[in-house]
Protein chains: 2
Amino acid sequence: MKLSSIEEFFSHAHQLYLPAVSIDNVIFGFHENQLKVLLLQLVNKSVWALPGGFVGKSEHIDEAAARILKERTGLNDIFLQQFYTFGQPERSNNKILVKALQMLNQEFDKDHWVLQRFVTVGYYALVEYANVNPHPDEVSLACAWHDLDKLPELLMDHAEIIKKALDEMRLKLSVQPIGYNLLPKEFTMKNLQSIYETILGRKLDRANFNRKMLSSGILDRKEKHYSGGAHKAPYLYSFNRKKYFKALSSGLGRGF
Amino acid sequence: MKLSSIEEFFSHAHQLYLPAVSIDNVIFGFHENQLKVLLLQLVNKSVWALPGGFVGKSEHIDEAAARILKERTGLNDIFLQQFYTFGQPERSNNKILVKALQMLNQEFDKDHWVLQRFVTVGYYALVEYANVNPHPDEVSLACAWHDLDKLPELLMDHAEIIKKALDEMRLKLSVQPIGYNLLPKEFTMKNLQSIYETILGRKLDRANFNRKMLSSGILDRKEKHYSGGAHKAPYLYSFNRKKYFKALSSGLGRGF
């Protein structure tokens, strides 16, 4: 985003975007058994924010979430899931935002469109962060992964939004599959278990995990090829794409 | 709602309510192994709608959902859960709504505030419908329970909203407890299993259900009192209120 388009944004936002509705994306990054979250650094350096934005007047909110993520971080083709909508009235009263906007634009008006009350729709995604290369837009100083247990000062209610995204991801872990964007095409059961353990923050029983995963039907097992010393090599699996995405809406068929 | 306040609504809505954001409540009614949904009949008789409405400019969206439910159906103190936000741009292009609004108000303007694009936040609740007494507001002809497999013509995307609420309730059934508003203070395991079976639309294995419910910790078992011929009476349970509501946010601790 060039400076001219920032100025354009400030003068035309009310014509281009829906009032009162915004989007915030929580991008969790997984790498070597670590879970991080992607944040943008505001012009007032000590404060960071989720990559968020506004909904075009004729745009689907799902499409807005994907466009905003791309515009603000460069990340493309990420599978985003809506998880919750945040609508406490006081969430938009924010001095940090006013300060950041003033630093971007001297002529900035305190009653500006962007300072109205917004109800924000939260989306989350989980990516292997070695596979993606995020970069900040022109209104941000940096775009970086942060440890979930060492978050910097965050804009508005963004800390609460991240916590809720994590809670929701954990809650859905036993009914919705996870891992599609995180693993290579073929992986071991141990690889998959590591992801679940990292997200849940605790160890799982191996036999139990295997049994549940196999009964879910979302995995295809590769035949072992006899190759001399490889008798003890673990089985390799791949996701059954069709069953995986079906299970996202209908559940894993376990539980009851 | 008196007619004067309907007119007041049409002339003051833009001052009282947030633009672009609405609420729709999906109230599922459970009774004798039947699951129904509560709908309001519009003035154009053949069409029904979910009890929905708008968010006050300084009102939390959760509070708006409860207020709207009370104003439109008389139902009070219902535990509502947000489940999804619907934001396809074409959902607000609706001739049925225009017609209904014209039938309520001859001077109605086709560019009126209520016909703007709304992103709607969906809430659901599950109630024992023998325990509640819904009644329509003054803009609706009736307020009645409908079978989920025999829904009448519905306003806008309300059929999709109901389907999504049911999917979400089923998906969360194995990670979140259910039944709090549906059962008397003390109930048998069979009573509870009936609720799960009705919502899922299929039979469950009794031993498996018992085991999972008992291990979840949300149930307190009553001691049996010896009383002559009652040897074979089943155990009675009650919900452990604290653990029940904790499990709503953190999960039932089963699954993984």
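Thresholds applied
- Residues numbered from 1 in each chain as written.
- Chains lettered and ligands numbered in written order.
- Predicted model: local features only at pLDDT ≥ 70, side-chain atom pairs only at ≥ 80, totals over all residues.
- Heavy atoms only, no water.
- Least-squares fit on C-alpha atoms with pLDDT ≥ 70 in both.
- Contact = heavy atoms within 4.5 Å.
- Buried area = accessible area lost by both parts, 1.4 Å probe.
- Salt bridge = Lys/Arg side-chain N within 4 Å of Asp/Glu carboxyl O.
- Polar contact = N/O pair within 3.5 Å; in protein donor to acceptor, adjacent residues only side chain to side chain.
- Nonpolar A, V, L, I, M, F, W, Y, C, P; charged D, E, K, R; others polar.
- Domains from an automatic or database assignment.
- 1 Å grid on protein atoms, 1.4 Å probe; cavity = no way out; pocket = protein on both sides within 12 Å on 5 of 7 lines; lining within 4 Å.
- Points joined across faces, edges and corners; volume = space filled by probe spheres on them.
- Helix = DSSP H or I, 4+ residues; strand = E, 2+ residues; numbered from the N terminus.
- Phe/Tyr/Trp six-rings, centres within 6.5 Å; stacked < 30°, edge-to-face > 60°.
- Buried < 20%, exposed > 50% of the residue type's maximum accessible area, 1.4 Å probe, protein only.
- Core = buried A, V, L, I, M, F, W, Y, C linked by side-chain atoms within 4.5 Å.

Quick look at the relation of the copies chain B and chain A now. One copy of the chain maps onto the other through a rotation about an axis plus a displacement along that axis. In the superposition of chain B on chain A (RMSD 0.0 Å, axial shift 0.0 Å), the rotation amounts to 180°. Such a combination of rotation and displacement between the chain copies is what one expects of a two-fold axis. Taken together, the interface assignments show that 100% of the residues at the interface of chain B recur at the interface of chain A, consistent with an identical surface on both copies.

Glancing now at the interface of chain B and chain A. At the interface, 43 residues of chain B touch 43 residues of chain A. Of the roughly 3100 Å² buried at the junction of chain B and chain A (both faces included), carbon and sulfur atoms supply 65%. E168 of chain B is paired through a salt bridge with K172 of chain A; the nearest N and O atoms lie 3.0 Å apart. Scanning the region where chain B abuts chain A turns up 13 residue pairs in polar contact (both at pLDDT 80 or more). Here the residues of the side of chain B that touches chain A are counted per class, giving 21 nonpolar, 13 polar and nine charged.

Moving on: the domain arrangement of chain A. All names here are of chain A. Each assigned domain of chain A is listed here: domain 1 (3–166) and domain 2 (189–250). Domain 1 and domain 2 are separated by 34 Å when their C-alpha centres are compared. Between domain 1 and domain 2, the contact holds seven residues from the first and six residues from the second. The contact between domain 1 and domain 2 buries some 560 Å² in all, and 78% of this surface belongs to carbon and sulfur atoms.

Residues and elements named next belong to chain A. This structure, assessed with the given rule, holds two cavities of 30 Å³ or more. Roughly 200 Å³ of internal volume is contained in the largest cavity. Lining the largest cavity we find 18 residues, and of these F79, Q81, P177, I178 and Y244 sit closest to its centre. Those elements that place two or more of their residues in the lining of the largest cavity are β6 (119–128), α4 (158–172) and α7 (241–250). The class makeup of the residues in the lining of the largest cavity is 13 nonpolar, four polar and one charged. Split by domain, the residues of the lining of the largest cavity number at least three in each of domain 1 (3–166) and domain 2 (189–250).

Before going further, it helps to spend a moment on the packing of aromatic side chains. For the structure shown, the criterion picks out 38 aromatic pairs over all chains. Centre to centre, the rings of F9 of chain B and F54 of chain B are 5.8 Å apart; their planes meet at 20°, and the pair counts as stacked. Pair noted here: F9 of chain B is in helix α1 (residues 3–16) and F54 of chain B is in strand β4 (residues 52–56), with a separation of 45 residues, a long-range link. According to the relative accessible area criterion, F9 of chain B is buried, its value standing at 19%. A ring pair is formed by F54 of chain B and W113 of chain B, whose centres lie 4.9 Å apart and whose planes are at 70°; its orientation type is edge-to-face. Taken together, the residues span a long stretch of sequence, with F54 of chain B in strand β4 and W113 of chain B in the loop between α3 (95–104) and β6 (119–128) at a distance of 59 residues. Neither F54 of chain B nor W113 of chain B differs from the other in exposure class; each is buried. Through a chain of ring-to-ring contacts, the aromatic side chains of F79, Y180, F187, F239, Y244 and F245 of chain A assemble into a single cluster.

Judged by nonpolar contacts, the single largest core of 49 residues is most densely connected at V21, I23 and I27 of chain A together with V21, I23 and I27 of chain B. For V21 of chain B, the contacting residues outside a window of four places in its chain are A20, V21 and V119 of chain A together with F54, V55, F118, V119 and V121 of chain B. F28, F83, L183 and Y244 of chain B belong to the second largest nonpolar core, which has 42 residues in total.

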